[in-house]
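# Descriptive structure summary
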Amino acid sequence: MIEESTIRSLHVEAMRHEDLHAGHDDHALFQASTVSALLDGAYEGDLTFAELAGEGDTGIGTLNGLDGEMIAIDGRFFRADVEGSLNEIDPDERTPFAVVSRFSPDRELPVTGPMDLAGLEELLDGDRAEAPVAVFRIDGRFGSVKARSVPRQHPPYRSLGEVVADQNVFEFGPVDGSLIGFRFPAWVEGVEIGGYHFHFVDRALTRGGHVLDLSIDSGVALVQHSDDLHIELPPGLELGSPDLAASTHEAISRVEHRG
Ligand SMILES: [Zn+2]
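Remember, it's a predicted structure, so these values are computed and weren't measured experimentally.

Moving on, we come to the overall build of the protein. Helix and strand content of the protein: 5 helices and 17 strands. Expected size for 259 residues packed as a compact globule is a radius of gyration near 18 Å; at 17 Å, the protein falls within 12% of this value. In terms of overall dimensions, the protein has a C-alpha envelope of 50 × 40 × 35 Å along the principal axes. In the protein, of all internal contacts separated by at least 6 residues, the share reaching a separation of at least 24 is 78%. Accessible area of the protein: about 10,600 Å², with a carbon and sulfur share of 48%. Here the protein contributes 19 positively and 47 negatively charged side chains, and the mean placements of these two sets differ by 5 Å.

Spelled out as structure tokens, the structure:
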């Protein structure tokens, strides 16, 4: 079953696991499940990392049991554990939430720092295209990166808000590395996280996490714009209509930007 909808200029197509290999546009972003489901404690997805790798080579997300922060770069999938240590994810492991792209940047922007996360987002905001969604890979030299990860959860699962209260915050730097992230419009909040969302990985592929703040000295931002999002929905989950319910927005803000 494939449901389609066009939300303003973003084309969203929902599919089931059995539709995965139906083949689709290489420029579409691919997402497993929704942020709303994750907020509600749906921490066990049906999609393997082998399957996810078939849909994209660059992206972010998490693992079943909310076992750390996931970052995909150059077709390799890594987990940043609760201490921020990185290891490569077994292709048989599964994800309850991830978004990936077959990264094909259409813009390249020099980043001349030092600037903090807000400054970097302002720079990226200055280069908005018509397309509603942007994928970023920013390679650079970072004075510092403040990041977090979360401990593996066990059933019965608590809500994401409660889990994030136990997040572990750490700081790297100075360090060379990459940010992988996305910018989604505010009006897809719930399906996704509105605004910017970055994960970090150091160049040595040893450390990483979900970025809370940073200072970048210099770098290059590669940007891919997209207006197509394919979402694989686990059994029982419907797409519903993305809305701007204040409660969802507040819950996401608490989870994504605290620390
Ligand atoms: Zn994250």
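That shown, we press on.
Mean pLDDT for the protein: 89, with 90% of residues reaching 70 or above. This stretch, residues 241–245, has a pLDDT under 50; its non-local contacts, to residues over four places away or in other chains, come to 8 contacts.

Moving on, we come to the coordination of the zinc ion. On the protein side, the zinc ion has His197 (NE2), His199 (NE2) and His210 (ND1) as donor atoms, found 2.0 to 2.1 Å from it. Residue histidine 197 is classed as buried on the basis of its relative accessible area, which comes to 10%. Taking relative accessible area as the criterion, histidine 210 reaches 1% and is therefore assigned buried.

Okay, the pairing of strand β16 (residues 208–226) next. Counted residue by residue, β16 has 14 buried out of 19 residues, so it is predominantly covered. Relative to β16, strand β11 (residues 107–116) runs antiparallel, the two being bridged by 8 bridges. Its bridge partner lying in β16, aspartate 116 is registered against serine 215. Sheet topology places strand β12 (residues 133–149) next to β16; 15 bridges connect them, and they run antiparallel. Residue pairing in the sheet places glycine 140 in a bridge with glycine 219 of β16. As judged from the 3 bridges shared by strand β15 (residues 195–202) and β16, these two strands associate in the antiparallel manner.

Secondary-structure assignment places arginine 137 in strand β12. Take arginine 137: its relative accessible area is 16%, and that puts it in the buried class. Sequence separation between arginine 137 and proline 105 is 32 residues; the distance between their C-alpha atoms is 8.7 Å. A distance of 2.8 Å separates polar atoms of two side chains, one belonging to arginine 137 and the other to aspartate 74.

Moving on: the pattern of salt bridges. In total, this model carries 13 salt bridges according to the counting rule given. Here aspartate 74 ties to arginine 137 by a salt bridge, and the two come within 2.8 Å at their closest N and O atoms. With aspartate 74 in the loop between β6 (69–73) and β7 (76–80) and arginine 137 in strand β12, this pair connects stretches of sequence that are 63 residues apart. The class of aspartate 74 is exposed, set by a relative accessible area of 58%. A salt bridge links aspartate 202 to arginine 207, with the nearest nitrogen and oxygen atoms 3.9 Å apart. Residues joined in a network through salt bridges with shared partners are Asp67, Arg79 and Arg152.

Calculation rules
- Residues numbered from 1 in each chain as written.
- Predicted model: local features only at pLDDT ≥ 70, side-chain atom pairs only at ≥ 80, totals over all residues.
- Heavy atoms only, no water.
- Helix = DSSP H or I, 4+ residues; strand = E, 2+ residues; numbered from the N terminus.
- Rg over C-alpha atoms; globule rule 2.2 N^0.38 Å.
- Contact = heavy atoms within 4.5 Å.
- Areas by Shrake-Rupley, 256 points an atom, 1.4 Å probe, with all protein chains shown as cover.
- Lys, Arg positive; Asp, Glu negative; His and termini not counted.
- Charge placed at Lys NZ, Arg CZ, Asp CG, Glu CD.
- pLDDT = per-residue confidence, 0-100.
- Donors = N, O, S within 2.8 Å, 3.2 Å for Na, K, Ca; no water.
- Buried < 20%, exposed > 50% of the residue type's maximum accessible area, 1.4 Å probe, protein only.
- Pairing = 2+ DSSP bridges.
- Polar contact = N/O pair within 3.5 Å; in protein donor to acceptor, adjacent residues only side chain to side chain.
- Salt bridge = Lys/Arg side-chain N within 4 Å of Asp/Glu carboxyl O.

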